Amino acid sequence: MKLKYLLLLIIVFSINHSYSQNTRKNERNDIGWYNYFGTFKLNDKYSIHSEYQLRRDNVITDKQQGLLRVGLNYQLNQKVQFRLGYAWIETYPYGETPINGMGKDFTEHRAFQMITINDKISKLEISHRFMLEQRWVGRYSNANLSSEDEFPMLNRFRYMARVQFPLKGDKIENKTPYIAAYDELFIGFGKNVNENIFDQNRFGLVLGYRFNSNLRIEAGYLNQTVQLGREINNRNVFQNNNGLIINTNFNFDLTSKNK
């Protein structure tokens, strides 16, 4: 009897899996993301966050996306940080199926609210990042336009878990190599969510080196799975983007200048 149930489950799973694959259009791109992150400390509680991400298709030769983000941080305590900010994003047509249905680049303006919770278990450092985004994504009402004329608002929730571990000593301090892994899930919601309630997922595995309290560099592997917000021939479009990620992190302490 148990064997019959097991065979039934296998058959149902196989049918569902086959149907799911047949209703998807899967594409692959080779990407490279080259990122700057900078924090300017104003005092013990407040700091300014800045970043620019140069995202490329075919590793480096073609445009994928450019992202500029700024924010104000509030450090509640050693474990909890809040951030409010704004982001500007320019997305270009890349890959087999461009994100914009007319094959045009488009601009996005974004407001966001974020909380990061840090913890440590022995040598392992753990962080949880929760983010809400209000996104005004540019679109064209007809193909003859040279710039976007509509900016509907989309809502998105993001959660990222990250772990990192020193490869020398008991903690990540100056002149310390380390390894880190993270995964981030993006969920769309609201009346303009369209197809992509599941918006995307990102997984990264990097090697890092902290030179000193002001500079840290990471490089490694990134996988980005993206679901487009529209269908092609009644099929959902999924991009499986794999490639290189390089993060350069700067910390600037301005408190001494304020004293």
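Residues numbered from 1 in each chain as written. Predicted model: local features only at pLDDT ≥ 70, side-chain atom pairs only at ≥ 80, totals over all residues. Heavy atoms only, no water.

1. A few points about the overall build of the protein
In step 1: In terms of regular secondary structure, the protein is built from two helices and 11 strands.
In step 2: The N-to-C order of helical and strand elements in the protein reads α-β-β-β-β-β-β-β-β-β-β-β-α.
In step 3: Looking at the protein as a whole, 37% of its 259 residues qualify as buried.
In step 4: Sequence-distant contacts, at least 24 apart, represent 55% of the contacts inside the protein between residues at least 6 apart.
In step 5: For the protein, the computed accessible surface area is about 14700 Å², with 60% contributed by carbon and sulfur atoms. (Helix = DSSP H or I, 4+ residues; strand = E, 2+ residues; numbered from the N terminus. Buried < 20%, exposed > 50% of the residue type's maximum accessible area, 1.4 Å probe, protein only. Contact = heavy atoms within 4.5 Å. Areas by Shrake-Rupley, 256 points an atom, 1.4 Å probe, with all protein chains shown as cover.)

2. Focus: the environment of Ser-50
In step 1: Within the secondary structure, Ser-50 sits in strand 2 (residues 46-57).
In step 2: Sequence-distant contacts of Ser-50, defined by excluding residues within four places in its chain, comprise Tyr-36, Phe-37, Gly-38, Phe-40 and Arg-69.
In step 3: At a separation of 2.9 Å, a polar atom in the side chain of Ser-50 contacts the side chain of Tyr-36. (Polar contact = N/O pair within 3.5 Å; in protein donor to acceptor, adjacent residues only side chain to side chain.)

3. Describing the nonpolar core
Generally speaking, soluble globular proteins have nonpolar side chains that are buried together.
In step 1: By size, the foremost hydrophobic cluster in this structure holds 10 residues: Ile-31, Trp-33, Met-160, Ile-172, Tyr-178, Ala-180, Tyr-182, Val-206, Leu-222 and Ile-245.
In step 2: Elements supplying a minimum of two residues to this core: strand 1 (24-41) and strand 8 (176-189).
In step 3: Broken down by element, this core gets its largest block of residues, three residues, from strand 8.
In step 4: Excluding anything up to four places from it in sequence, Leu-222 contacts Ile-31, Trp-33, Tyr-182, Arg-202, Phe-203, Gly-204, Asn-241, Asn-242, Gly-243 and Ile-245. (Core = buried A, V, L, I, M, F, W, Y, C linked by side-chain atoms within 4.5 Å.)

4. Some words on the sheet that holds strand 2
In step 1: Read around the closed barrel, the 11 strands follow the order 1-2-3-4-5-6-7-8-9-10-11; overall the barrel is mixed. Direction aside, the axes of adjacent strands within the sheet are offset by 20 degrees on average.
In step 2: Looking at chain direction, strand 10 (residues 215-232) and strand 11 (residues 235-253) are connected through 15 bridges and run antiparallel. Considered in strand 11, the bridge of Ile-217 is made with Thr-248. (Pairing = 2+ DSSP bridges. Axes fitted to C-alpha atoms, helices over the stretch in contact; angles between N-to-C directions.)

5. Focus on the confidence of the model for the protein
In step 1: Mean pLDDT over the protein stands at 91; residues scoring 70 or higher make up 90%.
In step 2: Low confidence marks residues 15-20, where pLDDT is under 50. Its contacts with residues over four positions away, or in another chain, come to zero contacts. (pLDDT = per-residue confidence, 0-100.)

6. A closer look at the pairing of strand 3 (residues 62-75)
In step 1: Judged from the 12 bridges that link them, strand 2 and strand 3 form a sheet pairing that is antiparallel. Along strand 3, the bridge assignment pairs His-49 with Gly-71.
In step 2: Linking strand 2 back to strand 3 in an antiparallel pair, the connection comprises four residues, with Asn-58 at a positive phi of about 50 degrees.
In step 3: Sheet topology places strand 3 next to strand 4 (residues 80-91); 11 bridges connect them, and they run antiparallel. When the sheet's bridge partners are listed, Asn-73 is paired in strand 4 with Arg-83.
In step 4: What sits between strand 3 and strand 4 in their antiparallel hairpin is a turn of four residues.

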